[in-house]
Amino acid sequence: MRKVLFFLMLCSAAAVVPEHAWATHNRAGEIIYCQDPDDPLSYFVQIITHTKTSAPADRPELEIFWGDGTSEILPRVSVTLVQNLDAQRNVYDGWHTYSGPGIFTLSFEDPNRNEGVLNIPNSVLETFCVKSQLIISPLTGGNCSVRFLNSPLQDACLQQLWVHNSVAFDPDGDSLSYELTVCSGLNCDPIPGYEFPDEVAAPPNTFSIDPLTGTMVWNTPQLVGEYNIAFIVREWRNGQMIGWVTRDMQITVVPCSNQPPVVAEQQDTCVEAGTFLSFPVFASDPDAGQSVTLTALGSPFVLDDSPATFVSPIPGNPVNGIFNWSTVCEHVRLQPYQVVFRATDNGQPVNLEDYESMNITIVAPAPENPSATASGNVIELQWDASVCSNAVGYKIYRRSGLYGFVPGPCETGVPGYTGYVQVGSTSGLNATSFTDAQNLVFGNEYCYMVVACFEDGAQSYASVEFCAILDRQVPVITHNSVGVTDPVNGVDTVRWSNAWDLDTIARPGPYRFVLFRGSGFNVANTPIWTSSDHPFLQHPDTVFIDQGLDTESGPHTYRVLFLGSAGTDTIGSSNVASSVFITGVPNDEQITVEIAQNTPWINTEYEVFRFDGTEFVPIGITNTTSYVDTGLVNGQEYCYLVKSTGAYSDPDVVSPLINFSQETCAIPVDLTPPCPPTLDIDNDCEVPLNFLTWTNPNSTCADDTWMYHIWFTDSLGGDPAIIATITGATDTTFQHVDGTSVAGCYYVTAIDSVGNESAFSNEVCGDNCPEYELPNIFTPNSDGRNDTFRPFPYRGVKVIDLQVFNRWGQVIFTSTDPDIGWDGTHQSANEPVPEGVYFYTCVVTYARLAGPEQVLLKGYVHLIRSSVSTVN
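Residues numbered from 1 in each chain as written. Predicted model: local features only at pLDDT ≥ 70, side-chain atom pairs only at ≥ 80, totals over all residues. Heavy atoms only, no water.

## Things to note about the pattern of salt bridges
Put simply, the test is: Salt bridge, as used here, is a side-chain nitrogen of Lys or Arg placed within 4 Å of a carboxyl oxygen of Asp or Glu. A run of H or I in DSSP counts as a helix once it spans at least four residues, and a run of E counts as a strand once it spans at least two, with each numbered from the N terminus. A 1.4 Å probe rolled over the protein chains alone gives each residue an accessible area, and that area as a share of the maximum for its type sets the label: buried under 20%, exposed over 50%, partly exposed in between.
Counted according to the given criterion, the structure contains 17 salt bridges. The partner of Arg59 in a salt bridge is Asp110, and the shortest N-O contact between them spans 2.5 Å. Taken together, the residues span a long stretch of sequence, with Arg59 in the loop between β2 (39-51) and β3 (61-65) and Asp110 in strand β6 (residues 102-110) at a distance of 51 residues. Residue Asp110 is classed as buried on the basis of its relative accessible area, which comes to 3%. A salt bridge links Glu607 to Lys643, with the shortest nitrogen-to-oxygen separation between them at 3.5 Å.

Here it is, written out as structure tokens:
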């Protein structure tokens, strides 16, 4: 039974539509597959081809290669005649079980393609081959490949826009991407000489595929005839590619004056499951008198549960149809559903089409009736089970204080900009409670949102925000302020509130506080003070002045332990709270005041004070943890302190909470380099000379540029080295030649008066136009003219390898010096050689930007010692 079901599912993807066919044999094809849900190593596979019915080559069976080193003959199980055309659709079925996980490329080959395909040389001699890839992995789970709802045989009109969409859909709801590829031939290799349709004729002529929607556009066909194209549809799940299918299809271009119809643009949308979605779709044709047929394709129409419908209008011009879909929870998934609306005109001899695709995302409703209840030092959360029974669990998000979030139509889950962070999750439809005990602070209000989760990663809309405040059953620190900054005699002042919500009957007095201190921001474990016992909850001792501290080097953190029953009952401890600690970070004519603290309340404002020689005066306010004080004098000391203002989110806690940092001082110093210059080059390879010019940073972004470094590398990608230093900000030119070579790349850096160096400028490169030529005669007779064998003026030469031979083939002279300078002496015998003709070979290595380039020169040179009137 399972094989019959798979067969029906795969076959349901095919729609028989009118097609135009001029062919002799194979014109189109693909391989699709689906995993057996009961056996993850078994796959049901179909080969689908489109061939010419009257062709003598008919294939009742085809051989498939499974990608694991085995193959099998698959029988043809169906032949469907294409309406009113000499063409047929062939389907071949088979099952295969793999031995284990892996990546497998399925393929089949069948001789041959039809004759006369314009973009495939000698197409009638080319084998037809298509491939698909399946990936078996426990990390990706089961998978069924994409399948196509539109025909692979399409017509186009000469010099008219052609638009087509194969309407690929994935039954698993995976994300799809599209890309063009070269058609395959023998051994499934790319066909040699293959051209994409827009490469066959001159512009205006472009062919493309949208990587997200799969819509292909040819603007515009320039030659009548048949063209084959191939494209790959890749499936993606959780960011991983899990398989792909190649479709090879054919386009027939014929002469006509028809213009294509136009489908009105459709906007993507998101709807809540359970919503009845209905909207009109409009189409028209620019050719008066033609009628338009408007249809719709896509995965919503082939669903088992509550499929969508499209009310197609009676053909006309213009026309409008109605899309209807009663959405249900079974439609909820992470990926949107693609719907493609197709308008087809009745032009002759070709019916042209237009496609408009849109995405519809079905979102699960938000969990309802959430509640939060404080219980001791935790908050208990409850909510109703999702109305979608296919939910697999829930995610819980929290923030301090209410945000006021109202999700947009396509805003699922809880976006990060709200300040909510995930604090937990539950598994199962009915797992509708959660206890939050993570880093909760007494005195703060905590708000939550819950979303339902689904197996493929989809999330519902977020619930409404719901909040709770922990009862103040322990002290709440409200103050940790530095009173005196000193390395020995520093002072901190600490204040706290009483535990006003404590059940005094269950936890009777007398009550006592123990204050703990620690260095740094996070830990306070050293007891430094114990209050007296007090019979009532309203204990008077809620302030402590801590003296004899080093408040200059770092912050101090405090914690208050609350005891009852005269110290025998440990009720609980406050959250830790550190003092505000600031650091001055110097830079050029500025100091950045960095602010750090760890407090259970939220500080929303920091006022920065600077010492003016008499007192600290306010200079600015920031709501971030840094403040930049500019316009300062380098080398002069500046001192600062900061006042923080904050509050708990519990309105019953006193506010605002004002605390002061320690004092700190810093001296601004220039640490900022100039911005990189903009570099240009005039590469004159004939002189040869490279002339560099660049911008002066003092004109835009600096005021103290002092000199420049010139960096050079003789090849692309080489390591640059300094070749010159130029002093003076206004001297922004440089001439350079590397011997006789101008091949290489340059950078310039700017250095300011204190030595800060900029980043590299942009890279500029020059190259040689090398030249090297040897004479055919020289006269070593010591008359001062032409006495040595040397090249004509040359350029761009790095090195040579010269060998000079006598008539017996003996080497009499060698040189690697491009200037050569041979005076006619036998190099090893050190004696003049006789007059005559000598043969040479010379390997010349040119310096080029892309790397050394070698050229072999061969020739003869006449050595004449007697006087000559003219020498060439």
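Next comes the rest of the account.
## Remarks on the confidence of the model for the protein chain
What counts here: Confidence per residue, as judged by the predictor, is encoded in pLDDT with a range of 0 to 100. In this description, contact between two residues means that some pair of their heavy atoms is separated by no more than 4.5 Å.
With 96% of its residues at a pLDDT of 70 or more, the protein chain has an overall mean of 92. Here residues 1-24 is a poorly scored stretch, pLDDT under 50, and it has 65 contacts once near neighbours within four places are set aside; other chains count.

## Some remarks on the pairing of strand β49 (residues 689-694)
How we decide: Here the rule is simple: two strands pair whenever DSSP picks up at least two bridges between them.
Here β49 shows a clear split, with Asn690, Leu692 and Trp694 buried on one side and none of Leu689, Phe691 and Thr693 buried on the other. Two elements, strand β48 (residues 679-684) and β49, share six bridges in a ladder whose sense is antiparallel. Within β49, the position partnered with Leu679 by the bridge is Trp694. The turn linking β48 back onto β49 is made up of four residues.

## As for the layout of surface pockets
Quick reminder of the rule: Here a cavity means grid points, on a 1 Å grid over the protein atoms only, where a 1.4 Å probe fits yet cannot get out; a pocket means an open set of points with protein on both sides within 12 Å along at least five of seven lines; lining residues are those with an atom within 4 Å of a point. Grid points are joined across faces, edges and corners, and a volume is the space filled by probe spheres set on the points. Three classes are used, and their members are as follows: Ala, Val, Leu, Ile, Met, Phe, Trp, Tyr, Cys and Pro are nonpolar, Asp, Glu, Lys and Arg are charged, and the others, Gly among them, are polar.
Size it by volume and the largest pocket reaches roughly 1200 Å³. Along its surface, the largest pocket is lined by 37 residues, and Asp170, Pro171, Asp172, Gly173 and Arg333 are the ones closest to its centre. Here the lining of the largest pocket is built from residues that sort into 13 nonpolar, 13 polar and 11 charged.

## Digging into the packing of aromatic side chains
The relative placement of two aromatic rings is captured by the distance of their centres and the angle of their planes. Here is the rule we go by: Side-chain rings of Phe, Tyr and Trp, where Trp is taken by its six-membered ring, are said to pair if the distance between their centres is within 6.5 Å; with planes under 30 degrees apart they count as stacked, over 60 as edge-to-face, and otherwise as tilted.
Tallied over the entire structure, the rule returns 40 aromatic pairs. Measuring from centroid to centroid gives 6.4 Å for Phe323 and Trp325, while their planes differ by 85°, and the two rings are edge-to-face. On the basis of relative accessibility, which here comes to 0%, the residue Phe323 falls in the buried class. Residues Tyr511 and Phe562 carry aromatic rings whose centres are separated by 5.5 Å and whose planes lie at 25° to one another, so their mutual orientation is stacked. In this pair, Tyr511 sits in the loop between β33 (490-497) and β34 (512-519) while Phe562 sits in strand β37 (residues 556-564), placing the two residues 51 residues apart along the sequence. Note on Tyr511: relative accessible area 2%, which makes it buried. Given the relative accessible area of 0%, Phe562 is considered buried. An aromatic cluster is built from Phe279, Phe301, Phe310, Phe323, Trp325, Tyr337 and Phe341, whose rings are joined through pairwise contacts.

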